[in-house]
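Residue-level listing of the chains:
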Amino acid sequence: MLVFILGLAVTIVSSFGLVMQQDHHIHQTQYQNLKFYSEEASAAAAQYLDLEEFSEGNFVFNQEEGRKAGESIIRENLNLNEDLEPEEGSYFEDTFEVEFLFYDDTNLDEEAIIYSSGKFHVVITEPTVVVRINAGDSRHRLIEPIKIMQVSAHSWEGEQIPSSFWDN
Amino acid sequence: MKSLIVTIAILPILMFFPLQNTVQNINHYRTTSFNNIAYKHIQIARVEGHFSDENIEELLDTIEEVFFIDRDDMIVNVTTEVMYRGEEFVETEVIEYEIGLPIDKFIAMHRFFNVEDEDNKGYYVLRGSVQSERLEMED
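All values derive from a computational prediction rather than experimental measurement.

Quick word on the overall build of chain B
Alright, step 1. The helix and strand tally for chain B stands at 2 helices and 3 strands.
Alright, step 2. Over its C-alpha trace chain B gives a radius of gyration of 22 Å, far above what one expects of a compact globule, namely 14 Å for 139 residues.
Alright, step 3. Referenced to the eigenvectors of the C-alpha coordinate spread, the extents of chain B come out at roughly 85 × 30 × 20 Å.
Alright, step 4. Counting only residues that meet the buried cut, chain B has 19% of its 139 residues in that class.

This is the structure in structure tokens:
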């Protein structure tokens, strides 16, 4: 009887362990995926420039097109609908909150901007798009769900053209 | 004698847990490594505007080398046609990808639990799209 009770106890405890491990693995994989997609979203959003401003020598993002592109990447890759709600088959359960921050010639000056969100810190000196995604709660079954957030930044970096270039 | 019979009966069930733990760890390692490899090649595709033959070849070579699997067992459906970025965002001008890695085993000791070999296999699939960075004037 003792062996049976011990065996049953070990089975129950081990089952909990396996469920926790699997939940943790899925969470880690989804977190890694979210990081990649947030990077892709910031890269996509940073591609669209206001060409009129650009022709006048100003580096200004086309925020409307940038948002469209960034949100589309997030929606397509993370299986979300138009309202950023997870569709069937998605790991996520809560509606996503996505924030785009554009730093360009309209709001950047000589001094660097330090953007911080949680453990993410970036020093912004060049035109940059920051994407911040709040994906809601994780799907841990045995422990308190963890808030899933990712932030990424994509910068345009270039060397200043030396004045001698124009002499040629 | 009774204890011995119970011990023998319960032993296979208890063996399942460390074995399943190992299977889960292996699968997790494989999917995480696969993500890293696939992301690198998706980013190359973003810069080039499509999945070039060299990029696909390198992706398959790396996965063969890292996971010891045959390239025929993989799923690779990607945009090979060149996509461009324009002045405005066009939802159809994106590079799509579907890359799948075979997973040989989900459950350890599956025959003990009467799970067929075929039902214990599957694919881990990365599916989505990225925006092309390529400008038309680059050609």
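Next comes the rest of the description.
Thoughts on the overall build of chain A
Alright, step 1. A count of helices and strands for chain A gives 4 helices and 5 strands.
Alright, step 2. Traced from its N-terminal end to its C-terminal end, chain A shows the element sequence α-α-α-β-β-β-β-β-α.
Alright, step 3. Along the three orthogonal principal directions, the C-alpha set of chain A runs to about 95 × 30 × 25 Å.
Alright, step 4. Each of the 168 residues in chain A was classed as buried or not, and the buried ones make up 28%.
Alright, step 5. Across chain A, the fraction of contacts at a sequence separation of at least 24, relative to all contacts at a separation of at least 6, is 62%.

Brief notes about the packing of helix α1 (residues 2–45) of chain A against helix α3 (residues 63–78) of chain A
Angle between the axes and distance between the axes: these two values describe a pair of packed helices.
All names here are of chain A.
Alright, step 1. Across the interface, α1 lies against α3 with an axial gap of 7 Å and an inter-helix angle of 155 degrees. By the criterion of interaxial angle, the relationship of α1 to α3 is roughly antiparallel. You can see that α1 and α3 cross each other, and the crossing is right-handed. The segment α1 lies against α3, with Y37, E40, A41, S42, A44 and A45 engaging G66, R67, A69, G70, I73, I74, N77 and L78.
Alright, step 2. Tallied by class, the residues present in the contact of α1 with α3 amount to 8 nonpolar, 4 polar and 2 charged.

So, α3 of chain A
All names here are of chain A.
Alright, step 1. In this model α3 runs 22 Å from its N-terminal to its C-terminal C-alpha over 16 residues, within 8% of the 22 Å that 1.5 Å per residue would give.
Alright, step 2. What α3 keeps buried is the set E65, G66, R67, A69, G70, E71, I73, I74, R75, N77 and L78.
Alright, step 3. Positive phi shows up at N79, right after α3, with a value of about 60 degrees.

Remarks on the interface of chain A and chain B
Alright, step 1. The partner chain B presents 25 residues to the 26 residues of chain A that form the contact.
Alright, step 2. At the level of secondary structure, the elements contributing two or more residues to the side of chain A that touches chain B comprise α1 and α3 of chain A.
Alright, step 3. Among the elements that take part in the side of chain A that touches chain B, α1 of chain A stands out by supplying 16 residues, more than any other.
Alright, step 4. A class-by-class count of the residues in the side of chain A that touches chain B yields 10 nonpolar, 12 polar and 4 charged.

Here we look at the sheet that holds strand β4 (residues 128–137) of chain A
All names here are of chain A.
Alright, step 1. Spatial ordering of the open sheet is given by β1-β4-β5, a layout of 3 strands whose pairing is antiparallel. Two strands bound the open sheet, and with one partner strand each, they are β1 (97–103) and β5 (147–155). The mean angle between the axes of side-by-side strands here comes to 10 degrees, regardless of whether they run parallel or antiparallel.
Alright, step 2. For β4 and β5, the ladder comprises 8 bridges, and the chain directions are antiparallel. Of the residues in β5, the one forming a bridge with V130 is A153.
Alright, step 3. Strand contacts of α3: β1 and β4, with the helix running at about 140 degrees to β1, the strand carrying the most contacts.

Observations concerning the confidence of the model for chain B
Alright, step 1. Here chain B shows a mean pLDDT of 90. Residues at 70 or above account for 98%.
Alright, step 2. Taking the mean pLDDT of every element in chain B, the minimum, 91, falls on helix α1 (residues 2–48) of chain B and the maximum, 95, on helix α2 (residues 53–67) of chain B.

As for α1 of chain A
Alright, step 1. An ideal rise of 1.5 Å per residue puts 64 Å on 44 residues; α1 of chain A measures up with 64 Å between its terminal C-alpha atoms.
Alright, step 2. Buried residues of α1 of chain A: L34, F36, Y37, S38, E40, A41, S42, A43, A44 and A45 of chain A, and no others.

A closer look at the environment of S117 of chain A
Residues and elements named next belong to chain A.
Alright, step 1. By the element assignment, S117 lies in strand β2 (residues 113–117).
Alright, step 2. Given 15 C-beta atoms within a 10 Å radius, S117 is considered partly exposed.
Alright, step 3. Expressed as a C-alpha distance, the spacing of S117 and S152, which sit 35 residues apart in the sequence, is 9.9 Å.
Alright, step 4. In contact with S117, not counting residues within four places along its chain, are R132 and V151.

Rules behind the numbers
Residues numbered from 1 in each chain as written. Chains lettered and ligands numbered in written order. Predicted model: local features only at pLDDT ≥ 70, side-chain atom pairs only at ≥ 80, totals over all residues. Helix = DSSP H or I, 4+ residues; strand = E, 2+ residues; numbered from the N terminus. Rg over C-alpha atoms; globule rule 2.2 N^0.38 Å. Buried ≥ 20, exposed ≤ 12 C-beta atoms within 10 Å, placed from the backbone. Contact = placed C-beta atoms within 7 Å. Axes fitted to C-alpha atoms, helices over the stretch in contact; angles between N-to-C directions. Parallel < 35°, antiparallel > 145°, perpendicular 65-115°, else oblique. Left-handed = near helix turned anticlockwise from the far one by under 90°. Nonpolar A, V, L, I, M, F, W, Y, C, P; charged D, E, K, R; others polar. Expected span 1.5 Å × (residues − 1). Pairing = 2+ DSSP bridges. pLDDT = per-residue confidence, 0-100.

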